[in-house]
Amino acid sequence: YIERVGKATNIQFEDMNAHHMRRPYRKHIQRIDELERILRFMFDELSRLEVCGITQNKLNEYLDFDGNYKLDEVEVDLQQLYANFVKFKGNNTVLLNEKNQAVEESEVITAALQILGSAGSAAPSFSEAESLRRPILEDDALGGRRLGYVAGVVLKADEQRFSRALWRASRGNVFVQFSPISQKVEDPKTGQAVDKSVFVIYFQGSEGSMKDRIVKVCTAFGVNMYAWPSSPEIARQRDIFLKTQLQDKDKALQAYQKFLYNETKDLVSPHIRNSTGNSKIEDWRLFCTKEKAIYNILNQCEEGMVLRVNVWYPTAEEAQIKGILKTESDVTPDSSGAVLNADRAPKHAMPPTYIRTNEYTEAFQEVVDTYGIPRYQEANPALFATVTFPFIFGMMYGDIGHGTILLLAGLWLVHNAESLRFTQPVLFMARYMLLSMGIFATFAGFMYNDFFSIGLQLFPSGFEDPDGDGQWTPTYDVTNSGGKGPYPFGVDWAWHGAGNELLYINSMKMKLSVLFGVLQMTLGLLLRWSNAVYDRNLTDFIFECIPMMVFMLCFFGWMDVMILYKWTHPIDDSPNIINSLICMAMGQKDNNPLWPGSVELAQKLMMYTVLSVPLMLFPKPFILLWQHNRAEKQAQAKGHRLLEDAESAGPSSGGHGHGEEFEFGEIFIHQIIETIEYVLGTVSHTASYLRIWALSLAHQQLSLVFFQKTLNMGLEMSFPANGIMLYFMFGAWFGITCCVLLGMDVLECFLHTLRLHWVEFQSKFYKAGGEKFAPFNIRKLLSDSTTD
């Protein structure tokens, strides 16, 4: 039942045994833990065999045929394979050690042949055996002593430390000679090739304390020591034997590799009943992950005559869940079946928040969830962020060229989505967000008429320069009295390169930023209204939502009206908006009104703005005090003691429950803080939206500078130097554009857009603090395990 529910429905299970910590199915989980350990070992071993490729990421095929596997059968097969692999690995380690010893000793013998051969040629009057035993100094008092030898192989990285240790242990009475080994030696433990060197230690006396000290140093360093031949003839015989032995070891290792490949071929092949699916070992891994998750759910069930567990599920899926349980009960009539009993009574605990998402909205919901999970039935800002997030990003990044490149990158990610699902899960999830950002950036680029800092002549200009002296005059009706209209779409290309271009463009973008900022914050307040209406919280609606909206619209909404009025109505002596707002706030007379009567209207709006502040501050704490006293009297009349905590606090508390007794002073201070935060925050948040203008200006100016200092310099040169320089300048321009404008600037605009949504927009209504609905979903569980 749990497996069927996990595949077809969305159900979140609660742990019924959390307080008692009873886990009746822990032995089954321990068995699966052991199987997962074996699988990790097998995957590690198979990864070392280059000829073996494991087929993965075919989740749909596995879920269609996962009934082919049973836990007991998989356990028997894995334990048998593990025993064989351990045995194979042990044999392989022995063979590698023997091969390494043969290689190292062969190198030692080769060094001995070089030394003994040179010694024999230096004293031709003696036999080879006598030359080794003859004293070096005939007349010296120490000449009767023979030289001792200790030879072996040491890691090349330890040569210096090894040499210093021998020098200190012998007090400088030894001589060490190193010669590197030409071929690398494979470490049987790690499988890595390491560099080693042959060492020969010369000291006086073949036996004695000196040799004991040298052997102790060699043992401490873990070097391999080999017998030093007493004559060249013995060395040659030993060399021939070692080469023969080395060939035998190579043949044995090759036979082992061939045998191991044949043994693992079945593991990397698909199941016989699922020829297009994953490798069998990958199916086993997915099966163990699924079975372990099912037993974890069973451990959360309360035992008795039947297993019982509390669950959360979407109300819309109740009929589907009951139908699935009934179907499974009919298929297996011998079992007692499973029944879902819906409990409609209100719960003390807040239900988890379930938000349906698709492939497009998933990335935007993840952005919101990073800030905080919505409370149950709280307005979710992710729905609006699907439009506002890429739109505001486009206002910052607006450029036809750069936006098109971003759009093409998004289209490529969408087209190759399946290949990125498991290899690059972050890009897979963000592909539609990147596509939307590219679309809006390109749209904003057309609005700004900006193509890599160049204005496109898409339509005839609304300005003309009849005298050719650079003085452009408008050809459209500037008074808006019914004549010819302005440039049909976006910014007129004649503004590019004009002397007052920055003045005009900055003014336009600055006002656009404020307009959309106030619009988005007003949307946030409307969502606050919806939360209050849904919670049936009349106190919050009347004494928070309405005063906040009055404060926002009467001051900042009036500012937007002034901007739009100045754009649409020609005024001979147009007022400065900042001066008008200062006069409005300070109660001073504005000598340049927008229209007759606008000053009186502004004074009324300012009065409403001021009155909204005490309406936000004072009534709510006293209403909550009155509600508390009334509830306490009712409880005393019934003979019960009033208990208040955060879980049982009703909507009328306005979210001020803190799990403690009612404290009027704390609530009043809290309301003061909220009021001050909103009043000052609204001002600062409106100014914060000017970052849209600032980012757009920075992007446009950077694009202009990069173009002027690269491509434009090449274009200004004379022929044929311009053609040669353009070739190099284009490379420089494209490289800088990709690194700065397509890399750093995209990230910068994304982060500033994220800030505007998290702080300026969501702070108006979004409390978060919810618990995310986490259903038992086998497909998602296996997908996450594959990604990891």
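Residues numbered from 1 in each chain as written. Predicted model: local features only at pLDDT ≥ 70, side-chain atom pairs only at ≥ 80, totals over all residues. Heavy atoms only, no water.

A. The arrangement of the overall build of the chain in detail. Along the backbone of the chain there are 25 helices and 10 strands. Relative to the compact-globule value of 28 Å for 788 residues, the chain shows a C-alpha radius of gyration of 41 Å, a clear excess of over 25%. Based on the C-alpha atoms only, the size of the chain along its principal axes is roughly 130 × 95 × 55 Å. Considering only contacts in the chain between residues 6 or more positions apart, those separated by 24 or more positions represent 79%. In the structure as shown, the chain presents an accessible area of about 43,900 Å², 58% of it carried by carbon and sulfur atoms. (Helix = DSSP H or I, 4+ residues; strand = E, 2+ residues; numbered from the N terminus. Rg over C-alpha atoms; globule rule 2.2 N^0.38 Å. Contact = heavy atoms within 4.5 Å. Areas by Shrake-Rupley, 256 points an atom, 1.4 Å probe, with all protein chains shown as cover.)

B. Quick peek at the packing of helix 16 (residues 501-534) against helix 17 (residues 538-568). Close contact between helix 16 and helix 17 brings their axes to 10 Å; oriented N to C, the two are set at 160 degrees. When the axes of helix 16 and helix 17 are compared, the pair comes out roughly antiparallel. As helix 16 runs across helix 17, the sense of the crossing is left-handed. When its residues are assigned to classes, the contact of helix 16 with helix 17 shows 23 nonpolar, 2 polar and 5 charged. (Axes fitted to C-alpha atoms, helices over the stretch in contact; angles between N-to-C directions. Parallel < 35°, antiparallel > 145°, perpendicular 65-115°, else oblique. Left-handed = near helix turned anticlockwise from the far one by under 90°. Nonpolar A, V, L, I, M, F, W, Y, C, P; charged D, E, K, R; others polar.)

C. Representation of the nonpolar core. Within the largest apolar cluster, 66 residues are counted, with the highest numbers of intra-cluster contacts made by Phe 393, Leu 581 and Met 584. Top element by residues in this core is helix 17. It accounts for 12 residues. Discounting residues that sit within four places of it in the chain, Met 584 has contacts with Cys 554, Phe 555, Trp 558, Ala 602, Leu 605 and Met 606. Counting 47 residues, the second-largest nonpolar core is a separate cluster that includes Ile 2, Tyr 69, Leu 286 and Ile 778. (Core = buried A, V, L, I, M, F, W, Y, C linked by side-chain atoms within 4.5 Å. Buried < 20%, exposed > 50% of the residue type's maximum accessible area, 1.4 Å probe, protein only.)

D. Focus on the confidence of the model for the chain. With 91% of its residues at a pLDDT of 70 or more, the chain shows a mean pLDDT of 84. For the chain, the element scoring lowest by mean pLDDT is helix 5 (residues 128-133), at 48; helix 12 (residues 382-397) scores highest, at 96. This stretch, residues 119-129, has a pLDDT under 50; its non-local contacts, to residues over four places away or in other chains, come to 3 contacts. (pLDDT = per-residue confidence, 0-100.)

E. Quick look at the packing of aromatic side chains. Summed over all chains, the structure comprises 41 aromatic pairs. Each ring, one from Phe 41 and one from Tyr 82, has its centre 5.2 Å from the other, and the planes form 80 degrees; the classification is edge-to-face. A residue pair is termed long-range when its members are at least 10 positions apart, and Phe 41 in helix 2 (residues 26-47) and Tyr 82 in helix 4 (residues 71-122) qualify at 41 residues. Note on Phe 41: relative accessible area 18%, which makes it buried. Ring geometry for Phe 555 versus Phe 556: centroids 5.1 Å apart, planes at 80 degrees, classification edge-to-face. Aromatic rings pair up to connect Tyr 360, Phe 364, Phe 389, Tyr 432 and Phe 750 into one cluster. One cation-aromatic arrangement involves Arg 431 over Phe 428; the distance from NZ or CZ to the ring centre is 4.0 Å. Over the aromatic face of Tyr 448 sits the side chain of Lys 509, whose NZ or CZ is 4.3 Å from the ring centroid. (Phe/Tyr/Trp six-rings, centres within 6.5 Å; stacked < 30°, edge-to-face > 60°. Lys NZ or Arg CZ within 6 Å of the ring centre and 35° of its normal.)

F. Seen up close, the pattern of salt bridges. Under the counting rule described, the total for this entry stands at 33 salt bridges. One salt bridge in this structure joins Glu 105 and Arg 238, with 2.8 Å as the shortest N-O distance. Of this pair, Glu 105 sits in helix 4 while Arg 238 is found in helix 8 (residues 232-268), placing the two residues 133 residues apart along the sequence. Between Arg 356 and Glu 317 there is a salt bridge whose closest N-O contact spans 3.5 Å. Pair noted here: Arg 356 is in the loop between helix 10 (318-331) and helix 11 (362-371) and Glu 317 is in the loop between strand 8 (311-312) and helix 10, with a separation of 39 residues, a long-range link. Looking at Arg 356, the relative accessible area reads 52%, which means it is exposed. What you see here is one network of salt bridges that share partners, running through Glu 3, Lys 7, Asp 66 and Lys 290. (Salt bridge = Lys/Arg side-chain N within 4 Å of Asp/Glu carboxyl O.)

G. Here's a closer look at the sheet that holds strand 6 (residues 196-204). With antiparallel pairing, the 4 strands of this open sheet are ordered in space as 3-6-2-7. Every interior strand has two partners, whereas the edge strands, strand 3 (175-180) and strand 7 (224-226), have only one. Sheet twist, expressed as the mean angle between neighbouring strand axes with direction ignored, is 25 degrees. With 9 bridges connecting them, strand 2 (residues 147-155) and strand 6 associate as antiparallel partners. Counterpart to Val 150 in the pairing with strand 6 is Ile 201. (Pairing = 2+ DSSP bridges.)

H. How the structure looks around the pairing of strand 2. Strand direction decides the pairing type here: strand 2 and strand 7, joined by 3 bridges, are antiparallel. Following the sheet pairing, Ala 151 is matched in strand 7 by Tyr 226.

I. Main features of a nonpolar patch on the surface. A surface patch of nonpolar side chains, amounting to about 420 Å² of accessible area, comprises Phe 443, Met 447, Leu 458, Phe 459 and Phe 489. By the element assignment, Leu 458 lies in the loop between helix 15 (425-448) and strand 9 (463-464). (Patch = residues over 30% accessible without salt bridge, like charges linked within 9 Å, V, L, I, M, F, W, Y side chains within 5 Å.)

J. Focus on the pairing of strand 6. Of all 9 residues making up strand 6, 8 are buried, and the element is well covered by its neighbours. Relative to strand 6, strand 3 is paired through 6 bridges, and the arrangement is antiparallel. Among the inter-strand pairings, Ser 179 is bridged to a residue of strand 6, identified as Val 198.

K. How the structure looks around the state of the cysteines. Following the criterion strictly, the structure yields 0 disulfides and no others. Free of any disulfide, Cys 738 has its nearest cysteine sulfur in Cys 739, 6.7 Å distant. Overall, Cys 739 belongs to the exposed group, its relative accessible area being 54%. (Disulfide = S-S within 2.5 Å.)

L. Looking closely at unusual backbone geometry. With a phi angle near 65 degrees, Gln 377 is a residue other than glycine that sits in the positive phi range. With respect to the helices, strands and loops of the structure, Gln 377 is situated in the loop between helix 11 and helix 12. Assessed through its relative accessible area of 40%, Gln 377 is described here as partly exposed. Within the chain, Asn 449 stands out as a residue other than glycine whose phi angle is a positive 55 degrees.

M. Spatial organisation of the environment of Gln 762. With respect to the element layout, Gln 762 can be found in the loop between helix 24 (721-761) and helix 25 (778-787). According to the relative accessible area criterion, Gln 762 is buried, its value standing at 2%. Between the C-alpha atom of Gln 762 and that of Phe 543, which follows or precedes it by 219 residues, the distance is 20 Å. The residues contacting Gln 762, other than those within four sequence positions of it, are Val 368, Tyr 371, Pro 381 and His 757.

N. Spatial organisation of the environment of Lys 290. Tracing the backbone through its elements, the reader meets Lys 290 in helix 9 (residues 280-299). Lys 290 sits 391 residues away from Gly 681 along the chain, and the two C-alpha atoms are 49 Å apart. The residues touching Lys 290, leaving out its near neighbours within four places in the chain, are Glu 3, Tyr 62, Asp 66, Ile 778 and Leu 782. Among the polar contacts made by the side chain of Lys 290, one reaches the side chain of Glu 3 at a distance of 2.8 Å. (Polar contact = N/O pair within 3.5 Å; in protein donor to acceptor, adjacent residues only side chain to side chain.)

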